[in-house]
Every structure is written in C-alpha cells, then in structure tokens.
Amino acid sequence: MSPTLSDLEAPDAFQARHIGPDAQDRQHMLRAVGAASMDQLITETVPAGIRLGHGLALPEGCDEAAMLDRMRAIADRNRVVTSMIGMGYYGTHTPPVILRNVLENPGWYTAYTPYQPEISQGRLEALLTFQTMVADLTGLEIANASLLDEATAAAEAMTLARRVGRSKAEAFFVDANCHPQTIAVLRTRAEPLGIPVIVGDPVRDLDPAAVFAALFQYPGTDGAIPDLAAPIDRLHGDRALAIVATDLLALTVLKAPGEFGADIAVGSAQRFGVPMGYGGPHAAFIATRDAFRRSLPGRLVGLSVDRDGRPALRLALQTREQHIRRDKATSNICTAQVLLAVIAGLYACWHGPDGLTRIARRSHRLASLFADGLRHGGATPRHGTFFDTVTIPCPGTADHRVARALAEGINIRRVDADAVAVSFDETSTRGTVEALWRAFEVDRPTLSVDRLDAEAAGDRLPDGLVRRSPFLTHPTFSNYRSETEMLRYLRRLADKDIALDRAMIPLGSCTMKLNAAAEMLPISWPAFARIHPFAPAEQAQGYKDLVDRLSRALEEITGYDAVSLQPNAGSQGEYAGLLAIRAYHRSRGDLDRTVCLIPESAHGTNPASAVMAGFRVVVVACDADGNVDVDDLKAKAAEHGAHLGALMVTYPSTHGVFEAAIGEICGIVHDHGGQVYVDGANLNALVGLAKPGKFGADVSHLNLHKTFCIPHGGGGPGVGPIGVRAHLAPFLPNHPLRSDAGPASGIGPVSAAPYGSAGILPISWAYIEMMGAEGLRRASEQAILSANYIAARLRPHYPVLYAGQNDRVAHEVILDTRPLKAEAGISVDDIAKRLIDYGFHAPTMSFPVPGTLMIEPTESEGLAEIDRFCEAMIAIRQEIARVAQGHWPADDNPLVNAPHTADDLLVDRWAHAYERSVAAYPVPGLKDRKYWPPVARVDQAYGDRHLVCSCPSIDGYREAAE
Amino acid sequence: MTIRKFTEDHEWIDVVDGVGTVGITNHAQEQLGDVVFVELPEVGATIAKGASVGVVESVKAASDIYTPVSGEVVAVNEALVEDPAQVNADPEAGAWFYRIRLSKPDELDGLLAAEAYQALLG
C-alpha cells in the first residue's frame, strides 16, 4: 500500500534534525544503561511524585518551511518605519561582511564563554578590541568586555561607586536628562539596597556633600551637551564620584569623559553595527580608572603569556565575579553580551577612527541642516548646540507633529504634549531631512539640503567640548578596511576557537545543544531587526504576537501562571524573581522576611543575586550525596522563622540529580512562610516530564540560551525570563514606557527595554514550534539517556559522583577526578587541557564540586560524537595510569604539558618522555580532524599579576615573544 | 620566646611585647594556588577579633583574612602588594600580612597551639 499524504507530510521532521541519536542509536544506548525502554529509564530517573501524567498542551511540531511561513506571518504584523526616536537606540548599518561572517556564522555564535583560553583566542582578541575601543573613546583606563544594557550598566556603576568611593554620603544623584528607562531601572535597583535616588537638575539640585556619586548623560537625552567639568570638580571636592552615561559615536567628535574628570563611563554600543531589535540584544560598556579595577563588574579580558612565553589572552581577575566570590561578588552578572560586543568592536575596526568620525559628523551635519531649515520655517530648536538629537518645542502640537512625521514614514520622539525630538544616525539621508521638513510644515520652496549645506560653514558642536585627542590609534583599527582583509581576519579569529561547529561542548549545566540555522534566520529579517523598542505599539503587533505565543508556551512548559520575558540573562531573571518575592512579602506587611537560604552547591549567581535584591544569604549544607541536607534546611528554616524570605534551589540539582525530597523541601519553606525559587538552569531534564510550577516552586527563571536554543554567542546574549505562580504575578517587572510590558503593580523595569532582548525571542519560539509537545519531551528524554550512557561508559574508569534513585543521573554526570591528583599528580586542569589535544572543549570544571568534571551532552549530540568523547576520556584515563605507574615522569607527560601546539611539536630537538605522535594524535581518528590550539597552556597567575586589558603595542607583542 | 598560635581559618600569629605579627599558613597558600593580589588593613585601624580585615586572592579563589585578635594595626607588609607571589614562597615568615598591638591579650588563649592546628589539618 502506498504511504498516505499524512505520512508523507512528516510534521516531526525537525525532531530528527535536532535530536542527534536515531532510533537504532537509542536502542544501543538503552542496552548500555540497562533499561528495556526509554519509558523505563525515565520512570527510574524522574521521581514519580513530580512526573506529569499527560503530555504538554502544545501543538504538534512542524518542519522548518512551515515554521518559517508562520514566522513570516508574525513578522508581517510588524511595520518597519524609520525610527528617529533616539533615547539610546539608533539606526545603524551592520557591515555585510560582519553580518555574514559573525552574526550569521555558527563558528562565532555557538561558542561558549572563554573559560578555556587556549581554545578561545579568537573571540578573546575580538573582546580585547572592544575593551580598547571603549577605553579609548571614553578616555578612561580600563573597560570590561560588556554588560547587559545601558540602564543596568548605570546601576552597576552606581554600586561600583559605592564600593570604591570614599564619601560616606548615602544618596545617589541622577541627572533628569538621562534616558528615562535608565532612571527607571536605577530606581528598581537602588530600592532594595536602601540607596536614596535624587533625580534633578545638576545645576540646581545636586548637593555634592549629600551624595556618594552622581550620574550624568552626555549628550543628554534631549540632545543638549552639558559641560560637566565644574559639577564633576565639585563632586570630587566632596569625595563623591562622577559617572557619565555617554554615546560612543558622539565621543568621536566630543571631548571624552575621562578628559573632564569622569570616574566611570557607561553606555550602549548598539549603534556600532547592531540592529535595534525592539530593544536588544546589545552590548553595554563600562569603563573606569585603573585603580578601581578590582571592583569592576562583569567579564574582563586580559593579556598574559602561555608557557612558551607567547602572548595569550584570558579572562582576568575572575575572583571579582559571582562564580568565585558568590555573595561578595562585584555583580551577579554571568552571561554578558559577547557576540554583540564582538560586532561593535569589529565595526570600529571596519570603519576606523576616520570612518567613525565621518559617520558621526554626517549624522551631526544632517541634524544641523534640519535644525537650520526649521529656523527658516519659524520653529526654534531648544538647543543651539547638539550632536545628533534636536528637541523642538511645539506647544500643544506634539501629537500632530508625530502624526505628520509618521505620514512621511518616520517615527519621531514625543517628549511630552509640547515637545518632540528627532535623532539622526548612520542611516539618515538627505531624504530624511526633506521628509522631516515636510512633517514640520516648513514651507519655503527655495529651501534645499544642498543650498543649506553650501551656506552653513560651521557645525553646532560646543567649541569647548570638541574632541581634540586622538583615539583608536592601535593598528587593529586600521588593518582591516578592505573587505578581503576583514573577511580573512574574521576567518583567522574563528579558526582559533572551538565552537559547536567543530565538536561537542559537554559543559555541564550550560546545555550546549543545537542552535538550528532555521531558528537563526528570522532574527536578521528587517521586520524583527529594525523595530525601535519605543516605537508605537501599533507598529510592533508582530512582536506582541510573538511575546504572547512564547509566554503562553513557556507557561505551559513550566506550569507557571505568568511569565515575563524582560530579564536579559539568567542572573537578571534570578534578580527579578527575588524582587518579586520581596515585593510579595512587603505587600503583606512582612517587611522583615529578608533571609534567603541557598544551598552550598548553588550556582554563584544565586547568592550574588540575593544580595542585590536586598536579602541576607544563609547557606544550607548539602549531604554526602550532594543533595540539600533536609535536616539542616529544617533547622535553618526554623531558626530564621519569621525572617525567612526565600529558598533558592536548583532542580534537578547542580549535581545532576533529581532530588527525591524536593516536595518536602518546598513544604518546609512554605510552612515557615517563605517562598521557593527554583533555578531553571537544568530545565533541559524536565521539559515535558515535570513542571516546576506544579511541584512546589513559586518562581523560576529559565535560560532561553540553554534549554531553548538561543546560541551562547561566546558569553552572551542570553535571555532569562521568569515564570511565577499567580500570587506573584502582580509583582513581575513592568516598564514606564510600555504599559503592556508588565502589571501596573509590578516591581519596575529590570532591563532598559520593555521586552529585554526581544530581537532573539524568535529563536526560542521557532524551536518550540518545530519540536511540538512530543518533540520537546523526546528531547528531554534523550538528554537524560545520553548522560546516563556516558555515565555507564565512563563509570569503569572514573568515579561518578552522585546519582539519584536507581543509580540514575539526570541530564548531566559528574566525574570525580580528585583521586587522580593523589595517585598520579594529575589535576582536573591537566585533563581539561589534554582534552584539547583530543579536539574537545572540556566539561565544566570544578563546579559544583572542586576537582571534578561535569558532563552534559544534551540531546543534540549523535552517538558517534558521544562515543568519540568517551573514548577520549578513557584514553586519557589510561594515560594517567601510565603516569601513576611511572612510565612517564610526573612533570613530563602528555597531560601536564597539554595542550600541545604545532610549534611545540615542530622543534628540532624533541626532548619529552613521550612521542610527538602521542602528543598530537593520541587516537588515530584525529588525523582527519585535528584542531591545533594557537597557544599552549596560559599562565593565569601571570595575567592577574600583570593586568593589561587593552590591545598592547606591537612592541609589546614582540617583547613577550622574545 | 614567642609561641606561634593558629586559627581555624589558617592564620598564624606571633606575639612579642604585646605586638602580634599575622600571616597565613602554608596549608592556606597551597589551597589558594598562585596568589595574585593581597588587600591589607590600613595602618592605624582599630579592629575587633574575627573581623574581616583583608583579602588574599589567587586566580581561582578569594579568601578573607579574619583577624585572630583585637587591637590597632601598627604596620602592614607593603612588599606583598608589590609581589603577591611571596605569599606562596614564604607564607610562614617573610610574607607576614600585618602587625597589631593587642588590646585584649587574653584572646590568645582561645587560639590553637601548633599541635591542635596540625590535628585540624588531619
């Protein structure tokens, strides 16, 4: 009989593209783990008490073509209009060579955070370029490798100033001329920390003795360019610090904040080649004095050397960060915005200082000519000097102006009922100016852009604030100006790194699954990319539709009653969820429920976020099996009783175990009046099998860049939405500039944009749509099977630490390598570096337990690759045994010398106790697919002792090499 | 003759004429790995027993220094700021952190003797 049409339509085709092992592979794996069927394995693994009795109430899956059709229909409900609203978001042209070779290149976007520097030199260099660019333009000494957005960067600057400042004053001053969303986020962040925020006019309202720091916007949101030298001087006179929120393009023509005394500078790098994306993702920046370096939040790339003395890049001063300092971290930030920072830095390389200045001056020239034309027509812009933004008073007629502009195809900013503003940018043209003149009813037939351009000699930048200092003088900003050079540079950088396009990245808890090409296509569509976050809601109906669909799907998947997509990283989701808990307690008069219980095995962002949300962290012990010690929990819950605000718990645990006591744990906390926060980082083991919202949790964050396929980008972007049960729904984040972004009773915004990094939400929706209810469940099942398979294959060689009931692990497995240190002097670092010789990125090292490796294959890896990884681990175990047996010396063996570079092997005299072929080709299969690390083992201590965080001179490279 | 005392947080203290010299033990520096940064208390500061008065950081860990005794800080070892690696090289002599004039000498009685500290390390 012929197959039916229904058979031939194959709606579940995508499942087989996303899930690596096929049916036959699964049978093999099930046999290896001793389970008769997938059902049996899942029954043995996932506690019965939390198992769903039914499938997810989501539609069945579809293929890529159908998904793209549906996505197109959603996108078509957005209306792309030229947006000149400004407020920190501007039109920009992503250079096509960077779009194609970075943003759309899996070699760049599937990479992880560069914790293993030897296999990350490419993106580390791109980040160093970003840091150098920011430091140069802001005139400050040290810049980090990106923060999440301008508003949260300003909040980070506020707490940085409080940490390092010498003023004893308690309040923080904010210039009213800051972007409104920045002010709103600052208020949200300051409140739980007890910091009074004073918003006002720097001339009239700033009392330097009353504040520990002040934030200014330069240029202001209304376009004015303030002279901040005097107010900053006065602040310093009272030992207060000055923070300047600024614009990178403006800084090519305006004096740098570091030149007039700013202590810290923050801003967004969006307009350097990254689309607006309805609010994100974009890289934000922070720059400050070198003296404050240890207090800088976020990732910092620094220069060090490898064991051969080669210059090598690495993440520096990690002891500032949450994964080490936990509740004493400088910030809770983990995932940043690396991919976008890479793009912004490359944009600067592409245009160079002269190209950027040209773009800046052209934007300014257009703004000036526009303003001049207005004057001819009888309207008077508010300011005589400005950079790109012109504010025009129009008493009572602002709405009329906005409508006229829209009729010309342009969104302008409605400041209030009596004023509008227009911001020019890289994409603005003469046509833009003429269209705006029509919108402003400038009725002078002889007026033309050309005529005014010929007549207008000077510009409208304030004389005393014109930039005179050079910037971006490093050769990297002039070496890649032809497309051929840039293309090859991008290829050279990408070739240095291991990303998912080369090999499995078995990082436990990172869920490095497939980021399908079909999921990535829509984010570049203009209908998604070119929408301004504060465009009129009518123009963003497609985004509204997408947000609704994705929110409902996540509610169904998690069992929660409401979702907010605003937080733009897991850490931000944790923060928002904890703020919601705090607000809930306070709404019931419980002002003292300030204790947050956190297991010692928790991810570092947990305690860091709790502190930021105004909680006091109390650590709960874990038992010998790595589970929450229920007795200790009971004791501490009782001890803190009426002060108990919340428990944060990860489920399955950070040890990869479905703790059987989760129901009891939630019960204990609830009995004492606390709320339960379940960290959703490990959701990949739960989707379709259990729902946190149904087994006792009150709120969770999800990591869309883990479970739901947003690529890791080398360390961002991320999206960290929160799901809450109904009683917490009134306390979700909201946004003053978009009433439908959250409840009126909400906690305020936690991100600059109403829907956070909205531009990448299509990726997760596409994944859910293509997989459908059954596919999502199958993915979780495969993730669990693959982890148990690895446990079964490696158990004879390495102790498996922690397993749940029936000796099963969840979606990840921890191997204990500590005994090998005693036995053979081989550390977990040695194993991680030796894996590089085998062509792999190491699993997660020393989290949650020092001296261990945590392996998460995900459902996307095929059996062949999983076996290749197991064989590498087994071969390494045999190498370790040879060291223990004395066959190789403890100080000269393939492990302690790993990774081996081509240079290491090509010496004339090979002086090691093992063959070169053992070093480079420990298994024969590598000959066809060898990855050569560009540097040998990086000296981490040297890098922290001699901190260099911007591109060194060419001489510096030469000296280091000698 | 000074008798060195120890804390459970792996600090040591030698007291001569009412002034104690404080550092971290060899065990501590081994656990930390290569030390990259040391934060010392301010000279002249008055500190109370158990307070966190400084930080010693390696590449992979950061440890607070809790003062074993109360008193006034009379000297700090600036050389450690320049060359933190000294903490690894000579933790129990040259890489002392600070000197403190004890305000409550009785506090020494509560500290561990050498044998007791060794027993702690197991």
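Residues numbered from 1 in each chain as written. Chains lettered and ligands numbered in written order. Predicted model: local features only at pLDDT ≥ 70, side-chain atom pairs only at ≥ 80, totals over all residues.

## Details of the overall build of chain B
Right, on to step 1. A count of helices and strands for chain B gives 4 helices and 9 strands.
Right, on to step 2. Whereas a compact globule of 122 residues would reach a radius of gyration of roughly 14 Å, chain B reaches 13 Å, a difference of no more than 12%.
Right, on to step 3. Along the three orthogonal principal directions, the C-alpha set of chain B runs to about 35 × 35 × 25 Å.
Right, on to step 4. For chain B, long-range pairs separated by at least 24 residues make up 62% of all intrachain contacts whose partners lie at least 6 apart in sequence. (Helix = DSSP H or I, 4+ residues; strand = E, 2+ residues; numbered from the N terminus. Rg over C-alpha atoms; globule rule 2.2 N^0.38 Å. Contact = placed C-beta atoms within 7 Å.)

## Looking at the environment of Gln337(A)
All names here are of chain A.
Right, on to step 1. Among the structural elements, Gln-337 can be located in the loop between α12 (322-325) and α13 (338-376).
Right, on to step 2. When the C-alpha positions of Gln-337 and Asn-568 are compared, they lie 9.5 Å apart, and in sequence the two are 231 residues distant.
Right, on to step 3. Every residue in contact with Gln-337, bar those within four places of it in the chain, is listed here: Ser-146, Leu-148, Pro-281, His-282, Ala-283, Ala-284, Gly-716 and Pro-717.

## Considerations on the domain arrangement of chain A
All names here are of chain A.
Right, on to step 1. Partitioning chain A into structural domains gives domain 1 (79-503 + 936-962) and domain 2 (536-769).
Right, on to step 2. The C-alpha-based centres of domain 1 and domain 2 are spaced at 30 Å.
Right, on to step 3. Contacts between the two partners involve 51 residues from domain 1 and, on the opposite side, 49 residues from domain 2.
Right, on to step 4. Of all the elements in the fold, those that place two or more residues in the side of domain 1 that touches domain 2 are α7 (106-109), α9 (150-164), α10 (180-190), α12 and α13.
Right, on to step 5. Element by element, the count of residues in the side of domain 1 that touches domain 2 is highest for α10, at 7 residues.
Right, on to step 6. Its residues assigned to classes, the side of domain 1 that touches domain 2 comprises 25 nonpolar, 18 polar and 8 charged. (Domains from an automatic or database assignment. Nonpolar A, V, L, I, M, F, W, Y, C, P; charged D, E, K, R; others polar.)

## Some thoughts on the interface of chain A and chain B
A common way to express how large an interface is: the accessible area buried when the components associate.
Right, on to step 1. On the chain B side, the residues contacting the 9 residues of chain A number 9 residues.
Right, on to step 2. Here the side of chain A that touches chain B takes 4 residues from helix α31 (residues 940-945) of chain A, the largest share from any one element.
Right, on to step 3. Its residues assigned to classes, the side of chain A that touches chain B comprises 2 nonpolar, 3 polar and 4 charged.

## What about the sheet that holds strand β6 (residues 241-247) of chain A?
All names here are of chain A.
Right, on to step 1. If you walk across this open sheet you meet the 7 strands as β2-β8-β7-β6-β5-β3-β4, and the pairing is mixed. Strands with a single pairing partner mark the edges of an open sheet, and in this sheet they are β2 (142-143) and β4 (197-200).
Right, on to step 2. Where strand β3 (residues 171-175) lies against strand β5 (residues 211-218), 4 bridges are found, and the strand directions are parallel. By the bridge assignment, Val-174 is partnered in β5 with Leu-215.
Right, on to step 3. Packed onto the sheet, α10 meets β3, β4 and β6 and runs at close to 165° relative to β4. (Pairing = 2+ DSSP bridges. Axes fitted to C-alpha atoms, helices over the stretch in contact; angles between N-to-C directions.)

## Examining the nonpolar core
Right, on to step 1. Counting 317 residues, the largest nonpolar core has Ile243(A) and Ala580(A) as the members making the most contacts within it.
Right, on to step 2. If you tally residues by element for this core, the top one is α13(A), at 20 residues.
Right, on to step 3. Shared between two domains, this core takes at least three residues from each, and those domains are domain 1 (79-503 + 936-962) and domain 2 (536-769) of chain A.
Right, on to step 4. The residues touching Ala580(A), leaving out its near neighbours within four places in the chain, are Val699(A), Val724(A), Leu728(A), Phe731(A), Leu732(A) and Ile747(A).
Right, on to step 5. Of all hydrophobic cores here, the second largest spans 28 residues; its members include Phe37(B), Val56(B), Val59(B) and Tyr98(B). (Core = buried A, V, L, I, M, F, W, Y, C linked by C-beta atoms within 7 Å. Buried ≥ 20, exposed ≤ 12 C-beta atoms within 10 Å, placed from the backbone.)

## Section: the environment of Gly604(A)
All names here are of chain A.
Right, on to step 1. Take Gly-604: it is sitting in the loop between β16 (595-599) and α22 (605-612).
Right, on to step 2. Along the chain, Gly-604 and Asp-327 lie 277 residues apart, while their C-alpha atoms are 7.6 Å from each other.
Right, on to step 3. When residues no more than four places from it in sequence are discounted, the contact partners of Gly-604 are Gln-322, His-323, Ile-324, Arg-326 and Ala-329.

## Overview of helix α24 (residues 662-671) of chain A
Residue and element names in this part refer to chain A.
Right, on to step 1. Along α24, the residues classified as buried are Ile-662, Ile-665, Cys-666, Ile-668 and Val-669. Along the long axis of α24, the arc covered by the buried residues comes to 160°, so they all point the same way.
Right, on to step 2. Turning to α24, the residues buried within the fold contact α23 (630-640), β18 (644-650) and β19 (675-679).
Right, on to step 3. Directly beyond the C-terminal end of α24, a positive phi value near 90° is found at Gly-673. (Arc of directions from axis to C-beta.)

## A few points about unusual backbone geometry
Residues and elements named next belong to chain A.
Right, on to step 1. A cis geometry characterises the amide bond from Tyr-218 onward to Pro-219, with omega recorded as 0°.
Right, on to step 2. By the secondary structure assignment, Pro-219 is in the loop between β5 and α11 (229-237).
Right, on to step 3. In this structure, the amide linkage connecting Phe-847 to the following residue, Pro-848, adopts the cis form with an omega of -5°.
Right, on to step 4. Examined against the element boundaries, Pro-848 turns out to sit in the loop between β24 (844-845) and β25 (852-855).
Right, on to step 5. Despite not being glycine, Thr-511 shows a phi value in the positive range, around 50°.
Right, on to step 6. As for its position among the elements, Thr-511 is in the loop between α17 (483-495) and α18 (517-520).
Right, on to step 7. Given 26 C-beta atoms within a 10 Å radius, Thr-511 is considered buried.

## What to know about helix α21 (residues 570-587) of chain A
Quick reminder: α-helices carry 3.6 residues per turn. Residues three or four places apart thus point the same way.
Residue and element names in this part refer to chain A.
Right, on to step 1. Taking 1.5 Å per residue, 18 residues should reach 26 Å; α21 reaches 25 Å between its end C-alpha atoms and fits that length.
Right, on to step 2. Counting buried positions over the 18 residues of α21 gives 16, a clear majority of the element.
Right, on to step 3. Looking one or two residues past α21, Gly-589 carries a phi angle of roughly 85°, positive in sign. (Expected span 1.5 Å × (residues − 1).)

## Digging into the pairing of strand β7 (residues 264-268) of chain A
Residues and elements named next belong to chain A.
Right, on to step 1. Of all the 5 residues making up β7, 5 are buried; the element is thus mostly covered by neighbouring parts of the structure.
Right, on to step 2. Where β6 lies against β7, 5 bridges are found, and the strand directions are parallel. Along β7, the bridge assignment pairs Asp-247 with Ser-268.
Right, on to step 3. By the bridge criterion, 5 bridges tie β7 to strand β8 (residues 284-288) in an arrangement that is antiparallel. Looking at β8, one finds that Val-266 is bridged to Ile-286.

## With respect to the packing of α21(A) against α22(A)
Angle between the axes and distance between the axes are the two parameters that describe a pair of packed helices.
Residue and element names in this part refer to chain A.
Right, on to step 1. At a minimum axis distance of 9 Å, the contact between α21 and α22 shows a crossing angle of 45°. When the axis of α21 is compared with that of α22, the two are oblique. Helix-helix and strand crossings are classified by hand; for α21 and α22 the assignment is right-handed. The residues of α22 that touch α21, namely those facing Gly-570, Ser-571, Glu-574, Tyr-575 and Leu-578, are Thr-605, Asn-606, Ser-609, Ala-610 and Met-612.
Right, on to step 2. Class assignment for the residues of the contact of α21 with α22 results in 4 nonpolar, 5 polar and 1 charged. (Parallel < 35°, antiparallel > 145°, perpendicular 65-115°, else oblique. Left-handed = near helix turned anticlockwise from the far one by under 90°.)

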